[in-house]
Amino acid sequence: MLNETYRGMLAHKSVIRETFMYGKQRAAQIGYENVFDYSLGNPSVPCPERFTAAMQELLAQEDPVVLHGYCPSQGDPEFRTAVAAHLNRTFGLPYAQKDIFPTTGAAGAIAHAVRAVTRPGDEVLTFAPYFPEYGPYVEGTGAHLRVVPPQAPAFQPNLEAFEQMLTEKVTCVLINTPNNPTGVVYSADTLTRLAEILTEKSRAYGHNIFLVSDEPYRDIAFDGRAVPYPAAFYPHTLTCFSFSKSLSLPGERLGYVAVRPGCEGEEVLVDMMAQISRFTGHNCPPSIIQRAVSRCLDVTSDLSVYETNMDLLYNKLKALGFEVERPGGTFYLFPKALEEDANAFCRRAREFDLLLVPSDTFGVTGYVRLAYCIDTEQVKRSLPALEKLAAAYQ
Ligand code: PLP
(Lines give C-alpha, C1' and ligand atoms only; values in the text may rest on other atoms or scores of the structure.)
Protein backbone atom coordinates (compact mmCIF):
# COMPACT_ATOMS: atom_id res chain seq x y z
CA MET A 1 0.00 0.00 0.00
CA LEU A 2 1.52 3.37 -0.99
CA ASN A 3 1.50 6.23 1.51
CA GLU A 4 -1.25 8.62 0.35
CA THR A 5 0.26 11.67 2.04
CA TYR A 6 3.40 11.58 -0.08
CA ARG A 7 1.57 10.41 -3.16
CA GLY A 8 -0.83 13.38 -2.76
CA MET A 9 2.16 15.74 -2.69
CA LEU A 10 3.06 14.72 -6.24
CA ALA A 11 0.03 16.66 -7.47
CA HIS A 12 1.56 19.90 -6.12
CA LYS A 13 4.46 20.61 -8.46
CA SER A 14 6.93 23.31 -7.38
CA VAL A 15 6.31 26.43 -9.45
CA ILE A 16 9.98 27.36 -9.00
CA ARG A 17 11.23 24.06 -10.45
CA GLU A 18 8.63 24.17 -13.22
CA THR A 19 9.76 27.67 -14.23
CA PHE A 20 13.40 26.65 -14.11
CA MET A 21 12.75 23.61 -16.36
CA TYR A 22 10.79 25.82 -18.79
CA GLY A 23 13.80 28.17 -18.87
CA LYS A 24 16.12 25.33 -19.85
CA GLN A 25 13.81 24.25 -22.69
CA ARG A 26 13.38 27.80 -23.88
CA ALA A 27 17.16 28.41 -23.82
CA ALA A 28 17.64 25.33 -26.01
CA GLN A 29 15.24 26.94 -28.53
CA ILE A 30 16.33 30.57 -28.57
CA GLY A 31 19.74 30.58 -26.83
CA TYR A 32 20.76 31.06 -23.19
CA GLU A 33 21.52 34.75 -23.67
CA ASN A 34 17.91 35.44 -24.64
CA VAL A 35 16.21 33.84 -21.62
CA PHE A 36 16.20 35.81 -18.37
CA ASP A 37 15.72 33.14 -15.77
CA TYR A 38 15.16 34.64 -12.31
CA SER A 39 13.52 31.51 -10.92
CA LEU A 40 15.99 29.50 -8.86
CA GLY A 41 18.12 30.42 -5.81
CA ASN A 42 21.18 28.50 -6.96
CA PRO A 43 24.50 30.33 -6.28
CA SER A 44 26.17 31.62 -9.46
CA VAL A 45 29.72 32.08 -8.10
CA PRO A 46 32.27 29.33 -7.40
CA CYS A 47 33.29 28.12 -3.95
CA PRO A 48 36.46 29.76 -2.51
CA GLU A 49 39.79 28.30 -3.63
CA ARG A 50 40.52 27.52 0.00
CA PHE A 51 37.71 24.96 0.06
CA THR A 52 39.06 23.17 -3.05
CA ALA A 53 42.57 23.21 -1.55
CA ALA A 54 41.28 21.84 1.78
CA MET A 55 39.56 18.95 -0.04
CA GLN A 56 42.76 18.20 -1.99
CA GLU A 57 44.90 18.30 1.16
CA LEU A 58 42.55 16.01 3.04
CA LEU A 59 42.49 13.49 0.19
CA ALA A 60 46.28 13.60 -0.25
CA GLN A 61 47.33 13.60 3.39
CA GLU A 62 44.79 11.84 5.58
CA ASP A 63 44.46 8.13 6.23
CA PRO A 64 41.52 7.13 3.99
CA VAL A 65 40.14 4.70 6.56
CA VAL A 66 39.86 7.51 9.10
CA LEU A 67 38.85 10.21 6.58
CA HIS A 68 35.97 8.23 5.11
CA GLY A 69 35.00 6.44 8.32
CA TYR A 70 31.81 7.00 10.34
CA CYS A 71 31.87 10.12 12.47
CA PRO A 72 30.15 10.41 15.87
CA SER A 73 26.36 10.89 15.70
CA GLN A 74 26.78 14.43 17.05
CA GLY A 75 29.06 15.29 14.11
CA ASP A 76 32.76 15.76 13.46
CA PRO A 77 34.48 17.19 16.60
CA GLU A 78 36.90 19.36 14.55
CA PHE A 79 33.98 20.97 12.68
CA ARG A 80 31.92 21.52 15.84
CA THR A 81 34.83 23.13 17.70
CA ALA A 82 35.74 25.33 14.73
CA VAL A 83 32.13 26.54 14.27
CA ALA A 84 31.79 27.34 17.99
CA ALA A 85 35.05 29.34 17.90
CA HIS A 86 33.90 31.16 14.75
CA LEU A 87 30.58 32.15 16.36
CA ASN A 88 32.41 33.35 19.49
CA ARG A 89 34.69 35.53 17.40
CA THR A 90 31.84 36.91 15.31
CA PHE A 91 29.07 37.43 17.87
CA GLY A 92 30.85 37.38 21.25
CA LEU A 93 28.66 34.59 22.65
CA PRO A 94 30.39 31.71 24.50
CA TYR A 95 29.40 28.83 22.19
CA ALA A 96 31.23 25.54 22.84
CA GLN A 97 31.59 22.35 20.81
CA LYS A 98 28.62 20.81 22.67
CA ASP A 99 26.30 23.53 21.23
CA ILE A 100 26.92 22.72 17.55
CA PHE A 101 25.08 20.04 15.58
CA PRO A 102 26.16 19.55 11.92
CA THR A 103 23.30 18.96 9.48
CA THR A 104 22.58 18.50 5.79
CA GLY A 105 22.20 22.19 4.97
CA ALA A 106 19.70 24.58 6.51
CA ALA A 107 16.94 22.14 5.54
CA GLY A 108 18.32 19.47 7.88
CA ALA A 109 19.01 22.10 10.54
CA ILE A 110 15.44 23.45 10.59
CA ALA A 111 13.86 19.99 10.47
CA HIS A 112 15.94 18.87 13.49
CA ALA A 113 15.59 22.10 15.47
CA VAL A 114 11.80 22.29 15.09
CA ARG A 115 11.37 18.62 16.01
CA ALA A 116 13.49 19.07 19.14
CA VAL A 117 11.26 21.83 20.56
CA THR A 118 7.75 20.81 19.51
CA ARG A 119 5.36 17.94 20.22
CA PRO A 120 2.67 16.66 17.84
CA GLY A 121 -0.26 19.09 17.96
CA ASP A 122 1.85 22.12 18.99
CA GLU A 123 1.83 25.22 16.81
CA VAL A 124 4.79 26.84 15.07
CA LEU A 125 4.44 30.45 13.93
CA THR A 126 6.24 31.95 10.97
CA PHE A 127 5.92 35.24 9.09
CA ALA A 128 4.63 35.67 5.53
CA PRO A 129 6.14 35.71 3.01
CA TYR A 130 8.07 32.55 3.89
CA PHE A 131 10.19 29.78 2.34
CA PRO A 132 7.63 27.18 1.20
CA GLU A 133 9.64 24.21 2.51
CA TYR A 134 8.75 25.32 6.06
CA GLY A 135 5.44 23.50 5.47
CA PRO A 136 6.98 20.00 5.18
CA TYR A 137 9.73 20.70 7.75
CA VAL A 138 7.12 21.58 10.38
CA GLU A 139 4.19 19.34 9.41
CA GLY A 140 6.57 16.34 9.30
CA THR A 141 7.01 16.69 13.06
CA GLY A 142 3.25 16.51 13.73
CA ALA A 143 3.18 20.20 14.74
CA HIS A 144 1.18 22.75 12.71
CA LEU A 145 2.58 25.73 10.84
CA ARG A 146 0.57 28.95 11.25
CA VAL A 147 1.46 32.01 9.24
CA VAL A 148 1.44 35.60 10.50
CA PRO A 149 0.17 37.93 7.73
CA PRO A 150 2.69 40.15 5.91
CA GLN A 151 3.39 43.81 6.45
CA ALA A 152 3.97 45.46 3.08
CA PRO A 153 5.80 47.40 1.75
CA ALA A 154 8.80 47.10 4.13
CA PHE A 155 8.16 43.43 5.01
CA GLN A 156 9.51 43.59 8.54
CA PRO A 157 7.58 41.00 10.60
CA ASN A 158 4.06 42.07 11.57
CA LEU A 159 4.53 42.01 15.34
CA GLU A 160 1.04 43.20 16.24
CA ALA A 161 -0.58 40.30 14.42
CA PHE A 162 2.13 38.03 15.83
CA GLU A 163 1.29 38.98 19.42
CA GLN A 164 -2.38 38.16 18.78
CA MET A 165 -1.54 34.78 17.24
CA LEU A 166 0.99 33.77 19.92
CA THR A 167 -1.33 31.52 21.95
CA GLU A 168 -0.41 28.95 24.57
CA LYS A 169 -0.23 26.26 21.88
CA VAL A 170 2.77 27.90 20.21
CA THR A 171 6.07 26.34 21.32
CA CYS A 172 8.29 27.56 18.50
CA VAL A 173 8.63 30.61 16.24
CA LEU A 174 10.47 30.24 12.94
CA ILE A 175 12.08 33.33 11.39
CA ASN A 176 14.33 33.94 8.38
CA THR A 177 16.72 36.89 8.12
CA PRO A 178 17.99 37.98 5.61
CA ASN A 179 14.73 36.84 4.12
CA ASN A 180 13.83 34.67 1.19
CA PRO A 181 11.86 35.92 -0.78
CA THR A 182 11.93 39.63 0.21
CA GLY A 183 15.68 40.18 0.77
CA VAL A 184 14.74 42.14 3.89
CA VAL A 185 17.04 42.04 6.94
CA TYR A 186 15.21 42.08 10.27
CA SER A 187 16.24 45.24 12.09
CA ALA A 188 17.61 45.39 15.64
CA ASP A 189 14.35 47.15 16.65
CA THR A 190 12.28 44.30 15.22
CA LEU A 191 14.38 41.67 16.98
CA THR A 192 14.29 43.58 20.27
CA ARG A 193 10.48 43.78 20.19
CA LEU A 194 10.17 40.15 19.04
CA ALA A 195 12.30 39.06 22.01
CA GLU A 196 10.21 41.17 24.41
CA ILE A 197 7.00 39.55 23.17
CA LEU A 198 8.49 36.05 23.40
CA THR A 199 9.74 36.73 26.93
CA GLU A 200 6.39 38.17 28.09
CA LYS A 201 4.35 35.33 26.59
CA SER A 202 6.76 32.65 27.85
CA ARG A 203 6.29 34.03 31.34
CA ALA A 204 2.50 34.23 30.98
CA TYR A 205 2.19 30.66 29.67
CA GLY A 206 4.75 29.10 32.04
CA HIS A 207 6.92 27.61 29.28
CA ASN A 208 9.69 29.00 27.13
CA ILE A 209 8.82 29.62 23.50
CA PHE A 210 11.80 28.70 21.32
CA LEU A 211 13.05 30.80 18.44
CA VAL A 212 14.36 28.88 15.42
CA SER A 213 16.30 31.33 13.27
CA ASP A 214 16.95 30.28 9.67
CA GLU A 215 20.01 32.19 8.38
CA PRO A 216 21.45 30.69 5.18
CA TYR A 217 21.89 34.20 3.69
CA ARG A 218 23.67 35.72 6.71
CA ASP A 219 26.85 36.43 4.74
CA ILE A 220 25.11 38.08 1.78
CA ALA A 221 24.55 41.56 3.19
CA PHE A 222 24.50 44.84 1.25
CA ASP A 223 25.59 48.45 1.78
CA GLY A 224 28.38 47.32 4.14
CA ARG A 225 25.86 46.67 6.91
CA ALA A 226 26.06 43.81 9.42
CA VAL A 227 22.99 41.59 9.80
CA PRO A 228 21.68 41.67 13.41
CA TYR A 229 22.08 38.20 14.96
CA PRO A 230 18.74 37.01 16.43
CA ALA A 231 20.37 34.75 19.06
CA ALA A 232 22.00 37.84 20.57
CA PHE A 233 18.50 39.19 21.34
CA TYR A 234 16.79 36.11 22.80
CA PRO A 235 18.40 33.28 24.79
CA HIS A 236 16.16 30.38 23.75
CA THR A 237 17.35 30.48 20.14
CA LEU A 238 18.43 27.67 17.82
CA THR A 239 20.30 29.21 14.89
CA CYS A 240 20.14 27.27 11.62
CA PHE A 241 22.97 28.03 9.23
CA SER A 242 24.03 26.62 5.86
CA PHE A 243 27.14 26.77 3.70
CA SER A 244 25.01 26.45 0.55
CA LYS A 245 25.09 30.19 -0.21
CA SER A 246 28.11 31.55 1.73
CA LEU A 247 30.55 29.01 0.28
CA SER A 248 28.46 28.16 -2.83
CA LEU A 249 28.23 24.50 -1.77
CA PRO A 250 24.49 23.69 -2.04
CA GLY A 251 25.14 20.21 -3.45
CA GLU A 252 27.48 19.28 -0.60
CA ARG A 253 24.68 19.61 1.95
CA LEU A 254 26.35 21.14 5.01
CA GLY A 255 24.90 23.37 7.68
CA TYR A 256 24.47 23.32 11.44
CA VAL A 257 22.21 24.09 14.36
CA ALA A 258 23.85 26.30 16.98
CA VAL A 259 22.19 26.13 20.40
CA ARG A 260 22.54 29.53 22.05
CA PRO A 261 24.49 29.36 25.35
CA GLY A 262 21.92 29.72 28.15
CA CYS A 263 19.10 28.28 26.03
CA GLU A 264 16.71 25.99 27.89
CA GLY A 265 17.93 22.42 27.37
CA GLU A 266 21.39 23.54 26.19
CA GLU A 267 22.94 20.49 27.85
CA VAL A 268 20.77 17.96 25.99
CA LEU A 269 19.56 19.56 22.74
CA VAL A 270 22.44 18.40 20.51
CA ASP A 271 22.21 14.85 21.88
CA MET A 272 18.45 14.98 21.29
CA MET A 273 18.96 16.06 17.69
CA ALA A 274 21.37 13.13 17.21
CA GLN A 275 18.49 10.90 18.38
CA ILE A 276 16.07 12.64 15.98
CA SER A 277 18.45 11.71 13.13
CA ARG A 278 17.79 8.04 13.90
CA PHE A 279 14.09 8.57 13.14
CA THR A 280 14.70 10.39 9.88
CA GLY A 281 17.68 8.28 8.75
CA HIS A 282 19.53 11.58 8.29
CA ASN A 283 22.75 10.68 10.15
CA CYS A 284 25.70 13.02 9.79
CA PRO A 285 26.65 15.07 6.73
CA PRO A 286 29.71 13.65 4.90
CA SER A 287 32.83 13.74 7.11
CA ILE A 288 35.15 15.06 4.42
CA ILE A 289 32.92 18.09 3.81
CA GLN A 290 32.74 18.84 7.54
CA ARG A 291 36.53 18.59 7.78
CA ALA A 292 37.14 20.79 4.71
CA VAL A 293 34.65 23.49 5.75
CA SER A 294 36.23 23.60 9.24
CA ARG A 295 39.23 25.12 7.48
CA CYS A 296 37.21 27.76 5.60
CA LEU A 297 35.01 29.33 8.27
CA ASP A 298 36.52 32.78 7.97
CA VAL A 299 36.13 33.04 4.18
CA THR A 300 33.19 33.19 1.78
CA SER A 301 32.83 32.95 -1.97
CA ASP A 302 33.13 36.31 -3.73
CA LEU A 303 29.54 37.35 -3.01
CA SER A 304 29.88 40.90 -4.41
CA VAL A 305 28.16 40.00 -7.70
CA TYR A 306 24.84 39.73 -5.88
CA GLU A 307 24.98 43.35 -4.72
CA THR A 308 25.99 44.48 -8.23
CA ASN A 309 23.01 42.61 -9.71
CA MET A 310 20.66 43.89 -7.01
CA ASP A 311 21.63 47.52 -7.71
CA LEU A 312 21.06 47.14 -11.45
CA LEU A 313 17.67 45.52 -11.02
CA TYR A 314 16.45 47.60 -8.08
CA ASN A 315 17.30 50.88 -9.83
CA LYS A 316 15.60 49.72 -13.03
CA LEU A 317 12.48 48.52 -11.22
CA LYS A 318 12.21 51.81 -9.33
CA ALA A 319 12.70 53.82 -12.52
CA LEU A 320 9.90 51.82 -14.14
CA GLY A 321 7.57 52.67 -11.26
CA PHE A 322 7.49 49.32 -9.48
CA GLU A 323 6.74 49.24 -5.74
CA VAL A 324 9.77 47.40 -4.33
CA GLU A 325 11.72 47.41 -1.06
CA ARG A 326 15.51 47.71 -1.37
CA PRO A 327 16.90 44.40 -0.05
CA GLY A 328 19.45 44.39 2.78
CA GLY A 329 20.86 41.04 1.62
CA THR A 330 20.25 37.65 -0.10
CA PHE A 331 19.95 37.37 -3.87
CA TYR A 332 16.23 38.08 -4.08
CA LEU A 333 14.01 41.05 -4.96
CA PHE A 334 10.29 41.09 -4.28
CA PRO A 335 8.48 43.76 -6.33
CA LYS A 336 4.73 44.19 -6.46
CA ALA A 337 3.21 42.77 -9.64
CA LEU A 338 1.63 45.24 -12.04
CA GLU A 339 -1.69 43.43 -11.84
CA GLU A 340 -3.46 41.82 -8.90
CA ASP A 341 -2.92 38.24 -10.04
CA ALA A 342 0.82 37.55 -9.78
CA ASN A 343 0.41 34.32 -11.77
CA ALA A 344 -1.09 36.24 -14.70
CA PHE A 345 1.71 38.80 -14.37
CA CYS A 346 4.35 36.03 -14.55
CA ARG A 347 2.65 34.59 -17.66
CA ARG A 348 2.82 38.04 -19.24
CA ALA A 349 6.52 38.32 -18.26
CA ARG A 350 7.21 35.02 -20.02
CA GLU A 351 6.13 36.65 -23.30
CA PHE A 352 9.34 38.70 -22.92
CA ASP A 353 11.33 35.65 -21.78
CA LEU A 354 11.51 36.99 -18.26
CA LEU A 355 11.05 34.10 -15.83
CA LEU A 356 9.71 35.27 -12.45
CA VAL A 357 8.12 33.38 -9.56
CA PRO A 358 4.64 34.40 -8.34
CA SER A 359 4.47 35.20 -4.63
CA ASP A 360 1.59 32.81 -3.92
CA THR A 361 4.15 30.10 -3.37
CA PHE A 362 5.52 32.17 -0.46
CA GLY A 363 2.13 32.66 1.18
CA VAL A 364 1.44 36.20 -0.16
CA THR A 365 -0.55 37.36 -3.20
CA GLY A 366 0.29 40.10 -5.70
CA TYR A 367 4.13 40.05 -5.72
CA VAL A 368 6.86 38.29 -7.67
CA ARG A 369 10.31 37.04 -6.71
CA LEU A 370 13.42 37.59 -8.80
CA ALA A 371 16.40 35.37 -7.89
CA TYR A 372 19.29 37.36 -9.37
CA CYS A 373 22.03 34.79 -8.78
CA ILE A 374 22.92 34.90 -12.49
CA ASP A 375 25.68 36.57 -14.56
CA THR A 376 25.73 40.36 -14.41
CA GLU A 377 25.88 40.51 -18.22
CA GLN A 378 22.67 38.50 -18.33
CA VAL A 379 21.05 40.90 -15.83
CA LYS A 380 22.02 43.82 -18.09
CA ARG A 381 20.59 42.04 -21.13
CA SER A 382 17.31 41.50 -19.24
CA LEU A 383 16.69 45.21 -18.54
CA PRO A 384 15.05 45.98 -21.93
CA ALA A 385 12.73 43.00 -21.34
CA LEU A 386 11.70 44.54 -18.00
CA GLU A 387 11.05 47.82 -19.82
CA LYS A 388 8.81 46.03 -22.34
CA LEU A 389 6.93 44.27 -19.55
CA ALA A 390 6.26 47.56 -17.75
CA ALA A 391 5.23 49.22 -21.04
CA ALA A 392 2.68 46.44 -21.59
CA TYR A 393 0.82 47.74 -18.52
CA GLN A 394 0.73 51.40 -19.54
N1 PLP B 1 15.87 28.36 4.22
C2 PLP B 1 15.79 29.25 3.23
C3 PLP B 1 15.17 30.56 3.52
C4 PLP B 1 16.27 28.95 1.95
O5 PLP B 1 16.16 29.87 0.97
C6 PLP B 1 16.85 27.69 1.72
C7 PLP B 1 17.36 27.32 0.39
O8 PLP B 1 17.27 28.01 -0.59
C9 PLP B 1 16.92 26.79 2.79
C10 PLP B 1 16.43 27.15 4.02
C11 PLP B 1 17.53 25.44 2.61
O12 PLP B 1 18.91 25.57 2.52
P13 PLP B 1 19.89 24.35 2.24
O14 PLP B 1 20.03 24.22 0.78
O15 PLP B 1 21.15 24.74 2.88
O16 PLP B 1 19.30 23.15 2.88
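Keep in mind it's a predicted model, so treat the numbers as computed, not measured.

**Remarks on the overall build of the protein chain**
- Tallying secondary structure elements over the protein chain gives 15 helices and 12 strands in all.
- On C-alpha atoms alone, the protein chain measures out to a radius of gyration of 21 Å, which is about the 21 Å that the 2.2 N^0.38 rule sets for 394 residues.
- Projected onto its principal axes, the C-alpha positions of the protein chain cover 60 × 55 × 55 Å.
- Counting every position in the protein chain, which comprises 394 residues, the buried fraction comes to 54%.
- A fraction of 74% describes how many contacts in the protein chain between residues 6 or more apart in sequence connect residues 24 or more apart.
- Roughly 17,200 Å² of accessible area belongs to the protein chain as shown, and the carbon and sulfur atoms make up 52% of that amount.
- Side chains of the protein chain give 35 positive and 45 negative charges; the mean places of these two sets differ by 3 Å.

**Structural notes on the packing of helix 6 (residues 105–116) against helix 11 (residues 266–280)**
- Following both chains from N to C, one finds helix 6 and helix 11 inclined at 110°, their axes separated by 9 Å at the closest point. By the angle between their directions, the pair helix 6 and helix 11 is classed as roughly perpendicular. Judged by the sense of rotation from one axis to the other, the crossing of helix 6 with helix 11 is right-handed. Between helix 6, through His-112, Ala-113, Arg-115 and Ala-116, and helix 11, the contact on the second element is made entirely by Leu-269, Met-272, Met-273, Ile-276, Ser-277 and Thr-280.

**Some thoughts on the site of the ligand**
- The ligand sits among 13 residues. The nearest are Asp-214, Tyr-217, Ser-242, Ser-244 and Arg-253.
- One of the backbone N or O atoms of Ala-106 is found 2.9 Å from an oxygen atom in the ligand.
- Residue Lys-245 places a side-chain N or O atom 2.9 Å away from an oxygen atom belonging to the ligand.
- With the chains in place, 91% of the 390 Å² that the ligand exposes on its own is no longer accessible.
- Elements with a minimum of two residues in the shell around the ligand: helix 6 and helix 10 (243–246).

**Considering the sheet that holds strand 6 (residues 210–214)**
- Taken in spatial order, the 7 strands make up an open sheet running 2-8-7-6-5-3-4, and their pairing is mixed. Every other strand in the sheet has two partners, leaving strand 2 (100–103) and strand 4 (144–148) as the edge strands with one partner each. Between one strand axis and the next, the sheet turns by 20° as a mean value, whatever way the strands run.
- For strand 7 (residues 237–242) and strand 8 (residues 255–259), the ladder comprises 5 bridges, and the chain directions are antiparallel. Counted as the bridge partner of Phe-241 is Tyr-256 from strand 8.
- Contacts between helix 5 (residues 77–91) and the sheet are confined to strand 2 and strand 8, with strand 2 contributing the most and set at about 115° to the helix.

Calculation rules
Position labels on residues start from 1 in each chain and follow its written sequence. For a predicted model such as this one, the threshold for reporting local features is a pLDDT of at least 70, and the threshold for listing and counting side-chain atom pairs is 80 or more; totals across whole chains, interfaces and linings nevertheless cover every residue. For the side-chain quantities, the full set of heavy atoms in the structure was used; hydrogens and water were omitted. Strands here are runs of E lasting at least two residues and helices are runs of H or I lasting at least four, both read from the DSSP assignment and numbered beginning at the N terminus. Note that the radius of gyration is over C-alpha atoms, with the globule rule given as 2.2 Å times the number of residues to the power 0.38. The cut-offs for exposure are 20% and 50% of the maximum accessible area for each residue type, with area from a 1.4 Å probe on protein chains only; residues under the lower value are buried, those over the upper are exposed, and the others partly exposed. Whether two residues are in contact is decided by their heavy atoms: any pair within 4.5 Å suffices. Only the protein chains shown count as cover for residues, with accessible areas throughout obtained via the Shrake-Rupley method and a probe of 1.4 Å. Residues scored as charged are limited to Lys and Arg (positive) and Asp and Glu (negative), so that His and the chain ends carry no count. Charge positions come from single atoms, namely NZ of Lys, CZ of Arg, CG of Asp or CD of Glu. Whenever a helix is involved, its axis is fitted only over the stretch in contact; in every case the axis is a line through C-alpha atoms, and angles between N-to-C directions fall within 0 to 180 degrees. Roughly parallel means an angle under 35 degrees; roughly antiparallel, over 145; roughly perpendicular, 65 to 115; everything else is oblique. Note on convention: near helix rotated counterclockwise from far helix by under a right angle means a left-handed crossing. Clockwise means right-handed. Being near a molecule or strand, for a residue, comes down to having at least one heavy atom within 4 Å of it. By the criterion applied in these results, polar contacts are pairs of N or O atoms within 3.5 Å in which, for protein atoms, one can donate a hydrogen and the other can accept it, and in which residues neighboring in sequence qualify only through two side-chain atoms. DSSP bridges decide pairing: two strands pair if at least two such bridges lie between them.

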